[in-house]
Amino acid sequence: MATANGILNGLKVESFEFAQTPRSTPENRRYYKEVLEVLLEDGTITFNCVWMDCEFTRPTASGVWPHTKVHKNQAAKTPKSTAPAPSEIDVSGLTLGELIDRAQKATWYSTELDTTQKKLAKVSRDLDEWKPRAQTAEKQLRTIRNAFAAAA
């Protein structure tokens with residue numbers, strides 16, 4: 001949850017999960033990585049930015065998603081810090097359900113990270129293969145254009 005005290009829009013947060021994207025289907029669920037769907041104590045559902053201590057909310061997930069760029073720009077300007085050691089994280093105040101939820105999300109993030117790293121490696125290999133071919137094609141195209149320009 002984005003707020004440390006469990007309060008959003010003046011109401012207690014009952015539950016939250018990653019918000020589904022418009023492309024999500026029952027057979028193929030897709031989720032925003034930076035937008036939470038939040039159930040508040042009065043039964044209303046709102047959508048919240050996932051960044052810590054950010055209380056930016058909108059009635060739709062697509063309304064929050066563009067806002068997340070603000071944090072990406074801030075994160076790019078600040079040096080990256082290392083994550084705390086697992087022994088430094090205090091989980092004594094969490095319920096068993098919250099611990100399980102965190103463990104499941106950590107597993108999901110780990111899987112997403114592995115998948116993303118594999119995709120990045122493949123794209124990097126593809127780039128190394130296609131870039132010289134594109135440069136050769138651009139040279140050939142420039143030669144053809146120059147030939148037509150000289151003939152005209």
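Note that the coordinates shown come from a computational prediction; the quantities given were computed from them, not determined experimentally.

Peer 1: In this structure, what is going on with the pairing of strand S4 (residues 45–49)? I would like to understand it.
Peer 2: Each regular strand displays side chains that alternate between the two surfaces of the sheet. Buried residues dominate S4, accounting for 4 of its 5 residues. The hairpin turn running from strand S3 (residues 31–40) into S4, its antiparallel successor, is 4 residues long, and Gly43 in that turn takes a positive phi close to 90°. Relative to strand S5 (residues 57–58), S4 is paired through 2 bridges, and the arrangement is antiparallel. By the bridge assignment, Asn48 is partnered in S5 with Thr57.

Peer 1: Sorry, what's going on with unusual backbone geometry here?
Peer 2: Peptide bonds are trans in most cases, and residues, glycine excluded, mostly fall at negative phi. Residue Asn9 is not a glycine yet carries a positive backbone phi of 55°. Counting through the fold element by element, Asn9 comes out in the loop between strand S1 (7–8) and strand S2 (11–20). Residue Asn9 is classed as partly exposed on the basis of its relative accessible area, which comes to 46%.

Peer 1: Any chance you could explain the sheet that holds S5 here in plain terms?
Peer 2: Strand pairing in a sheet is mediated by backbone hydrogen bonds. Such pairs are either parallel or antiparallel. Spatial ordering of the open sheet is given by S1-S2-S3-S4-S5, a layout of 5 strands whose pairing is antiparallel. In the strand order of this sheet, the two ends are held by S1 and S5, each with one partner. Sheet topology places S1 next to S2; 2 bridges connect them, and they run antiparallel. Bridging across to S2, Leu8 finds its partner in Leu11.

Peer 1: Any chance you could explain a nonpolar patch on the surface here in plain terms?
Peer 2: A contiguous nonpolar patch, built from Ile89, Val91, Leu96, Leu99 and Ile100 and spanning about 420 Å² of accessible area, is present on the exposed surface. By the secondary structure assignment, Leu96 is in helix H3 (residues 96–151).

Peer 1: Explain the packing of aromatic side chains here, please?
Peer 2: Both the distance between ring centres and the angle between the ring planes are used here to describe each pair of aromatic rings. Tallied over the entire structure, the rule returns 3 aromatic pairs. Ring plane angle 85° and centroid distance 5.8 Å describe the contact between Phe18 and Tyr109, whose orientation is recorded as edge-to-face. Placement of the pair is Phe18 in strand S2 and Tyr109 in helix H3, with a sequence separation of 91 residues. An aromatic cluster is defined as three or more aromatic residues linked by ring pairs; in this entry it consists of Phe18, Trp108 and Tyr109. The positively charged end of Arg133 is found above the aromatic ring belonging to Trp130, 4.2 Å away from the centroid.

What counts, and where the lines are drawn
Residues numbered from 1 in each chain as written. Predicted model: local features only at pLDDT ≥ 70, side-chain atom pairs only at ≥ 80, totals over all residues. Heavy atoms only, no water. Buried < 20%, exposed > 50% of the residue type's maximum accessible area, 1.4 Å probe, protein only. Helix = DSSP H or I, 4+ residues; strand = E, 2+ residues; numbered from the N terminus. Pairing = 2+ DSSP bridges. Patch = residues over 30% accessible without salt bridge, like charges linked within 9 Å, V, L, I, M, F, W, Y side chains within 5 Å. Areas by Shrake-Rupley, 256 points an atom, 1.4 Å probe, with all protein chains shown as cover. Salt bridge = Lys/Arg side-chain N within 4 Å of Asp/Glu carboxyl O. Phe/Tyr/Trp six-rings, centres within 6.5 Å; stacked < 30°, edge-to-face > 60°. Lys NZ or Arg CZ within 6 Å of the ring centre and 35° of its normal.

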